[in-house]
Amino acid sequence: MDPAESTVEAGAVKSAGGTGSAREFEVCPVDQLPPGGHVIRQAGNRQLGVFNVDGEYYALPNICPHQTGPACQGKYLVGAVRAGEDTDWIPEWIFDGQVMVCPWHGLEYHVPTGKCLAFPNISLRRYHVFVRDDMIMVRL
Ligand code: FES
């Protein structure tokens, strides 16, 4: 299977313990999530999209605030077009390789910040992602 493909894993990933109320979950080995790739994982009762954007990992909830669509399962790591007074309304390409598009109605999200491009007051929660012993981990 191409590790850069969108994949949905059935069942929860293993809990790796954690301190206090934080819980940590294995996502996948580092070599299974190359730059430009993403995976979908169940972590506890949440489904997350985990992305590799230019070597940095990000985890976002796989649920769109618009109408609860699977936000992380549409187009991912594309860019977006914007225009405004500051560009004299000339369209420009922004966030190349950093945007995912909800498959239900097309809202675009900037993966590194979780911000919705059309509605900047809407942001997806971001989860802490880190690497331990070549395993990508997420902390809830
Ligand atoms: S549910 Fe995501 S854009 Fe509508």
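Just above, that's the structure.
Here we summarise the structure given alongside this text. (Residues numbered from 1 in each chain as written. Predicted model: local features only at pLDDT ≥ 70, side-chain atom pairs only at ≥ 80, totals over all residues.)

## Notes on the overall build of the protein chain
Part 1 of the reasoning: Looking only at helices and strands, one finds zero helices and 10 strands in the protein chain.
Part 2 of the reasoning: For the protein chain, the N- to C-terminal ordering of α and β elements is β-β-β-β-β-β-β-β-β-β.
Part 3 of the reasoning: Per-residue burial for the protein chain yields a buried fraction of 30% across its 140 residues.
Part 4 of the reasoning: Taking all contacts inside the protein chain whose residues are at least 6 apart in sequence as the whole, residues at least 24 apart take part in 49%. (Helix = DSSP H or I, 4+ residues; strand = E, 2+ residues; numbered from the N terminus. Buried ≥ 20, exposed ≤ 12 C-beta atoms within 10 Å, placed from the backbone. Contact = placed C-beta atoms within 7 Å.)

## Let's talk about the sheet that holds strand S7 (residues 92-101)
Part 1 of the reasoning: The strand order S6-S7-S8 describes an open sheet built from three strands, whose pairing is antiparallel. Of all the strands in the sheet, just strand S6 (75-82) and strand S8 (108-110) have a single pairing partner and so form its edges. Within the sheet, the average angular offset between the axes of one strand and its neighbour, ignoring direction, is 55 degrees.
Part 2 of the reasoning: The sheet contact formed by S7 and S8 spans three bridges and is antiparallel. Looking across to S8, one finds that Met100 is bridged to Tyr109. (Pairing = 2+ DSSP bridges. Axes fitted to C-alpha atoms, helices over the stretch in contact; angles between N-to-C directions.)

## Regarding the nonpolar core
Part 1 of the reasoning: The biggest cluster of nonpolar side chains holds 31 residues, and the ones touching the most others in it are Val50, Phe51, Met100, Tyr109, Val111 and Val138.
Part 2 of the reasoning: Of all the elements in the fold, those that place two or more residues in this core are strand S2 (24-29), strand S3 (38-43), strand S4 (46-53), strand S5 (56-61), S6, S7 and strand S10 (135-139).
Part 3 of the reasoning: Dropping the residues within four chain positions of it, Val138 is found in contact with Phe25, Val27, Ala43, Leu48, Val50, Ala59, Tyr127, His128 and Val129. (Core = buried A, V, L, I, M, F, W, Y, C linked by C-beta atoms within 7 Å.)

## A few points about the sheet that holds S10
Part 1 of the reasoning: The three strands are arranged S2-S10-S9 in an open sheet whose pairing can be described as antiparallel. Of all the strands in the sheet, just S2 and strand S9 (128-132) have a single pairing partner and so form its edges. Ignoring strand direction, the axes of neighbouring strands in this sheet form an average angle of 30 degrees.
Part 2 of the reasoning: Strand direction decides the pairing type here: S2 and S10, joined by five bridges, are antiparallel.

## Focus on the environment of Pro120
Part 1 of the reasoning: Its location among the elements puts Pro120 in the loop between S8 and S9.
Part 2 of the reasoning: Sequence-wise, Pro120 and Tyr109 are 11 residues apart; in three dimensions their C-alpha atoms are separated by 9.4 Å.

## Notes on the pairing of S10
Part 1 of the reasoning: The pairing of S9 with S10 spans five bridges and is classified as antiparallel. Bridge pairing in S10 links Val129 to Val138.
Part 2 of the reasoning: Hairpin connection, S9 to S10: the antiparallel pair is bridged by two residues, and Asp133 has positive phi, about 50 degrees.

## Quick word on the pairing of S4
Part 1 of the reasoning: Most of S4 is tucked away, with six of its eight residues classed as buried.
Part 2 of the reasoning: Pairing geometry for S3 and S4, over six bridges, is antiparallel. Within S4, the position partnered with Ala43 by the bridge is Arg46.
Part 3 of the reasoning: Where S3 hands over to S4, the hairpin turn is made up of two residues, of which Gly44 adopts a positive phi near 65 degrees.
Part 4 of the reasoning: Bridging between S4 and S5 involves six bridges; their strand directions are antiparallel. Residue Phe51 lies in a different strand from S5, and its bridge partner there is Tyr58.
Part 5 of the reasoning: Taking the residues that link successive antiparallel strands as the turn, the S4-S5 hairpin has two residues, and the phi of Asp54 there is positive, at about 55 degrees.

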